[in-house]
Amino acid sequence: VQLQASGGGLVQAGGSLRLSCAASGRTFSSYGMGWFRQAPGKEREFVAAISWSGGVTDYAASVKGRFTISRDNAKNTAYLQMNSLKPEDTAVYYCAADRDGNMYVVIWEYEFWGQGTQVTVSS
């Protein structure tokens, strides 16, 4: 599967953005999906994940209550709604897919990655 992340941009602190991750192929509905981010000089870190059905989600503590992960299997797209953004949310955001439908918090469990989309939050 090929993943295309989009929706990043420049926003003021307290603002919102919605990221999208469009997937090619007919098996998207069977993939577990995750969002990760990488700030300059830092390692890539887990943000959120969602099961193949959308029925189970998980979040990093730093974004819980502010970010919401969702998916539309009919549109082959996963989303990350980001509210109450903070300057420390500034990073390149990546979406990832696991072919077995699982949701993981670690990078190495995901087989497919999108190219990343830049999110910049100004103070």
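In this report, we go over the structure that sits alongside the text. Predicted model only: the values in this text are computed from it and were never measured.

### Observations regarding the overall build of the protein chain
Turning to step 1, where the next piece is worked out: Of the regular secondary structure elements, the protein chain holds zero helices and 11 strands.
Turning to step 2, where the next piece is worked out: Along the chain direction, N to C, the helices and strands of the protein chain fall in the order β-β-β-β-β-β-β-β-β-β-β.
Turning to step 3, where the next piece is worked out: On C-alpha atoms alone, the protein chain measures out to a radius of gyration of 13 Å, which is about the 14 Å that the 2.2 N^0.38 rule sets for 123 residues.
Turning to step 4, where the next piece is worked out: Expressed along its principal axes, the backbone C-alpha trace of the protein chain runs to roughly 40 × 25 × 25 Å.
Turning to step 5, where the next piece is worked out: With 123 residues in all, the protein chain has 43% of them scored as buried.

### So, the pattern of salt bridges
Turning to step 1, where the next piece is worked out: Within the structure shown, the criterion is met by four salt bridges.
Turning to step 2, where the next piece is worked out: A salt bridge links Asp89 to Arg37, with the nearest nitrogen and oxygen atoms 2.9 Å apart. Taken as a pair, Asp89 in the loop between strand S8 (77-82) and strand S9 (91-98) and Arg37 in strand S4 (residues 32-38) lie far apart in primary sequence, 52 residues in all. By the burial criterion, Asp89 is buried, and Arg37 matches it.
Turning to step 3, where the next piece is worked out: A salt bridge links Arg66 to Asp89, with the nearest nitrogen and oxygen atoms 2.8 Å apart. Linking Arg66 in the loop between strand S6 (57-59) and strand S7 (67-72) with Asp89 in the loop between S8 and S9, this pair joins segments that are 23 residues apart in sequence. Considered together, Arg66 and Asp89 belong to a single accessibility category, that of buried residues.
Turning to step 4, where the next piece is worked out: Here the salt bridges share partners, and the residues they tie into one network are Arg37, Glu45, Arg66 and Asp89.

### Section: the environment of Trp52
Turning to step 1, where the next piece is worked out: For Trp52, the location among the structural elements is in the loop between strand S5 (45-50) and S6.
Turning to step 2, where the next piece is worked out: On the accessibility criterion, Trp52 (48% relative accessible area) is partly exposed.
Turning to step 3, where the next piece is worked out: A sequence separation of 47 residues divides Trp52 from Arg99, and the C-alpha atoms of the two residues are 9.3 Å apart.
Turning to step 4, where the next piece is worked out: Those residues in contact with Trp52, other than ones at most four positions away along the chain, are Ser29, Ser30, Tyr31, Gly32, Arg71, Asn73 and Gly101.

### Thoughts on the side chain of Arg66
Turning to step 1, where the next piece is worked out: For Arg66, a relative accessible area of 11% puts it in the buried group.
Turning to step 2, where the next piece is worked out: Within polar-contact distance, the side chain of Arg66 engages the side chain of Asp89 at 2.8 Å.
Turning to step 3, where the next piece is worked out: Sequence-distant contacts of Arg66, defined by excluding residues within four places in its chain, comprise Gln81, Met82, Asn83, Ser84, Leu85, Lys86 and Asp89.

### A few points about the pairing of S9
Turning to step 1, where the next piece is worked out: Among the eight residues of S9, seven are classified as buried, and the element is accordingly described as predominantly covered.
Turning to step 2, where the next piece is worked out: Taken together, the seven bridges between S4 and S9 define a ladder with antiparallel strand orientation. The residue of S9 that forms the bridge with Trp35 is Cys95.
Turning to step 3, where the next piece is worked out: Pairing between S9 and strand S11 (residues 117-122): three bridges, direction antiparallel. If you follow Tyr93 over to S11, its bridge partner there is Thr117.
Turning to step 4, where the next piece is worked out: Pairing between S9 and strand S10 (residues 112-113): two bridges, direction antiparallel. Paired with Ala96 across the strands is Trp113, a residue of S10.

What counts, and where the lines are drawn
- Positions within a chain are numbered from 1, following the residues in the order the chain's sequence is written.
- Predicted model: local features are reported for residues with pLDDT of at least 70 only, side-chain atom pairs are reported and counted for 80 or more only, and whole-chain, interface and lining totals are derived from all residues.
- Computation of side-chain values: all heavy atoms of the structure, hydrogens and water removed.
- Counting from the N terminus, the helices are the DSSP runs of H or I reaching at least four residues and the strands are the DSSP runs of E reaching at least two.
- The atom set for the radius of gyration is the C-alpha atoms, and the globule formula is 2.2 Å times the number of residues raised to the power 0.38.
- The rule is simple: take the accessible area with a 1.4 Å probe, protein chains only, and divide by the maximum for that residue type; under 20% is buried, over 50% is exposed, in between is partly exposed.
- Here, a salt bridge means any Lys or Arg side-chain nitrogen found within 4 Å of an Asp or Glu carboxyl oxygen.
- Two residues qualify as a contact provided that any one of their heavy atoms is within 4.5 Å of a heavy atom in the partner residue.
- Residues adjacent in sequence count toward polar contacts only when both atoms are side-chain atoms; beyond that, a polar contact is any pair of N or O atoms within 3.5 Å, and within protein one must be able to donate a hydrogen and the other to accept it.
- Note on pairing: two strands pair once DSSP finds at least 2 bridges between them.

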